[in-house]
Amino acid sequence: MDSALVYAAIAAAVILVLAVAAVALRRRGGAAGIEQGGTTPRISDVVPVETSRPEPELVESREGVLEFAVSEVEVPEPAAGRLHRLRTRLARSNTAIGQGLLALLSRDSIDAATWEEIEETLLLADLGVGPTNEIIERLRTALRVEGGARSPDAVKDALREALLALVDPSLDRELATTAPNRPAVVMIVGVNGTGKTTTTGKLARLLVAEGRSVVLGAADTFRAAAAEQLQTWGDRVGAVVVRGPEGGDPAAVAFDAVSAGVRDGADTVVIDTAGRLHTKAGLMDELDKVKRVIEKQSQVDEVLLVLDATTGQNGLVQARVFSESVNVTGIVLTKLDGTARGGIVIAVQRELGVPVKLVGLGEGPDDLAPFDPVEFVDALVAG
């Protein structure tokens, strides 16, 4: 009986030693994997579409113990007041409309030749023929020109009122970034080179600054760097990023991004689509397909067309073609600080009948601002 107890005790001790050794080996193997850059296989390694969240980083403390350290998430600048902060850049770059017109209108005598110079200035600023004629008529009426000079304040007020009427403060520029009982869905469209993916990342920052939870869909699967670029933007503000394999189906990525937003209870899903040549019918059809696939599970609340303000009238051609393929609900004008053609704001609104909702006024991460027509016109006139 005593021998049986002894054998049982020995067996239990052996089992305990083996269990402890197995745990130690597993821990040592895990640490080695971390040191060598090894990773545990994840579902995302075998499933085409990958949902990526900012994860804690495993680091070694001073005592040599492995601990989880949460990567620092940036706090974006509040959306309110951004355009006011950036107005000096706008005024500095749009001197043709501001200082140029004020100088012409402040002459002692405004004759026919001066009005022709005013017309030329407005056309070169990309206002277009219709808006140019309209603003000239408004200026003529306001100043009641009869050959005499006007005070600088009267000239500035007349120009401000004429420009403000054309920019149209009555347009609804509110972004649809929330929806009842589901995430709001925003599609970002445009040709390559307009800053589309960068705008998507900056919009995520703008939404996070307003307290929104955001999912980003990297549906630009044709450009190798696009998904990585968007991943970086998302990681910086703690946004979930859904991406697929290079060259994969953009519609599938967009669909899964919306699914992730629904599952996580996100406020807004922002989809970055592939850059399109507006002259290529096949690519435009693909864009329409992405929208239709999204709409199988959710309404698309915003379609924002990103235009490069420096392209002038060519941007209007792009806008026209995109609006025929998808229902564009708003315009994002990038690089507005790098052009003297601020009139594109007025021209594109007249062309599409939809408002400019956001403007890019620099290369900083928080240099995307909600468009405020009053701030915009005041910046032009102040220039």
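Please refer to the structure placed before this passage.
Predicted model only: the values in this text are computed from it and were never measured.

Enquirer: Sorry, what's going on with the overall build of the protein chain here?
Expert: Scanning the protein chain from terminus to terminus reveals 13 helices and eleven strands. Partitioning the intrachain contacts of the protein chain with sequence separation of at least 6 by distance along the chain shows that 77% fall at a separation of at least 24.

Enquirer: So what exactly am I meant to see when it comes to the packing of aromatic side chains here?
Expert: We describe a pair of aromatic rings using the distance from one ring centre to the other and the angle between the two ring planes. Overall, the coordinates contain one aromatic pair when judged by the stated rule. On the numbers, 5.2 Å between centres and 55° between planes, the contact of phenylalanine 371 with phenylalanine 376 is tilted. Comparing phenylalanine 371 with phenylalanine 376, the two get one shared label, buried. The ring of tryptophan 115 is capped by arginine 140, whose NZ or CZ atom sits 4.5 Å from the centre of that ring. Above the face of the tryptophan 233 ring, arginine 236 is positioned so that its terminal group lies 5.3 Å from the ring centre.

Enquirer: What is the right way to look at the nonpolar core in this model?
Expert: Most often, soluble globular proteins keep nonpolar side chains buried together rather than apart. Ranked by internal contacts, the top residues of the largest apolar core, which has 75 residues, are Leu105, Met187, Ile271, Ile294, Leu305, Ile331 and Leu333. Considering every element that reaches this core, the biggest residue donor is helix H6 (residues 152-167), with eight residues. A domain split of this core shows at least three residues from each of domain 1 (77-165) and domain 2 (182-371). Those residues in contact with leucine 305 that sit more than four places away from it in its chain are Val189, Gly190, Ala319, Phe322, Val328, Gly330, Ile331, Val332 and Leu352. In terms of nonpolar packing, the next biggest core, distinct from the first, is built from 22 residues, Val214, Val237, Leu304 and Leu368 among them.

Enquirer: Sorry, what's going on with a negative patch on the surface here?
Expert: On the surface, a cluster of negative charge is contributed by Asp111, Glu116, Glu119 and Glu120. Relative to the helices and strands, glutamate 116 is located in helix H4 (residues 112-124).

Enquirer: Explain the packing of helix H5 (residues 129-143) against H6 here, please?
Expert: Relative orientation and spacing of two packed helices are given, respectively, by the angle between their axes and the distance between those axes. Two elements in contact, H5 and H6, have axes separated by 9 Å at closest approach and are oriented at 145°. Like other packed secondary-structure pairs, H5 and H6 cross with a definite hand, here right-handed. Judged by residue contacts, Pro131, Glu134, Ile135, Arg138, Leu139, Ala142 and Leu143 of H5 engage Ala154, Val155, Ala158, Leu159, Ala162, Leu163, Ala165 and Leu166 from H6. Considered class by class, the residues forming the contact of H5 with H6 number 13 nonpolar, no polar and two charged.

Enquirer: Honestly, the pairing of strand E9 (residues 330-334) in this entry has me stumped. Any pointers?
Expert: Working note: regular strand, side chains alternate between the two faces of the sheet. Counting buried positions over the five residues of E9 gives five, a clear majority of the element. Side chains Gly330, Val332 and Thr334 of E9 all project onto a buried face; the interleaved residues Ile331 and Leu333 project onto the opposite face, where all are buried too. Examined bridge by bridge, strand E8 (residues 302-308) and E9 share five bridges and lie parallel to one another. The partner of valine 306 across the bridge, within E9, is valine 332. In terms of handedness, the path from E8 via helix H11 (residues 313-325) over to E9 forms a crossover that is right-handed. Judged from the three bridges that link them, E9 and strand E10 (residues 356-360) form a sheet pairing that is parallel. Of the residues in E10, the one forming a bridge with leucine 333 is valine 359.

Thresholds, definitions, all that
Residues numbered from 1 in each chain as written. Predicted model: local features only at pLDDT ≥ 70, side-chain atom pairs only at ≥ 80, totals over all residues. Heavy atoms only, no water. Helix = DSSP H or I, 4+ residues; strand = E, 2+ residues; numbered from the N terminus. Contact = heavy atoms within 4.5 Å. Phe/Tyr/Trp six-rings, centres within 6.5 Å; stacked < 30°, edge-to-face > 60°. Buried < 20%, exposed > 50% of the residue type's maximum accessible area, 1.4 Å probe, protein only. Lys NZ or Arg CZ within 6 Å of the ring centre and 35° of its normal. Core = buried A, V, L, I, M, F, W, Y, C linked by side-chain atoms within 4.5 Å. Domains from an automatic or database assignment. Patch = residues over 30% accessible without salt bridge, like charges linked within 9 Å, V, L, I, M, F, W, Y side chains within 5 Å. Areas by Shrake-Rupley, 256 points an atom, 1.4 Å probe, with all protein chains shown as cover. Salt bridge = Lys/Arg side-chain N within 4 Å of Asp/Glu carboxyl O. Lys, Arg positive; Asp, Glu negative; His and termini not counted. Charge placed at Lys NZ, Arg CZ, Asp CG, Glu CD. Axes fitted to C-alpha atoms, helices over the stretch in contact; angles between N-to-C directions. Left-handed = near helix turned anticlockwise from the far one by under 90°. Nonpolar A, V, L, I, M, F, W, Y, C, P; charged D, E, K, R; others polar. Pairing = 2+ DSSP bridges. Right-handed = clockwise from strand over helix to strand, strands pointing away.

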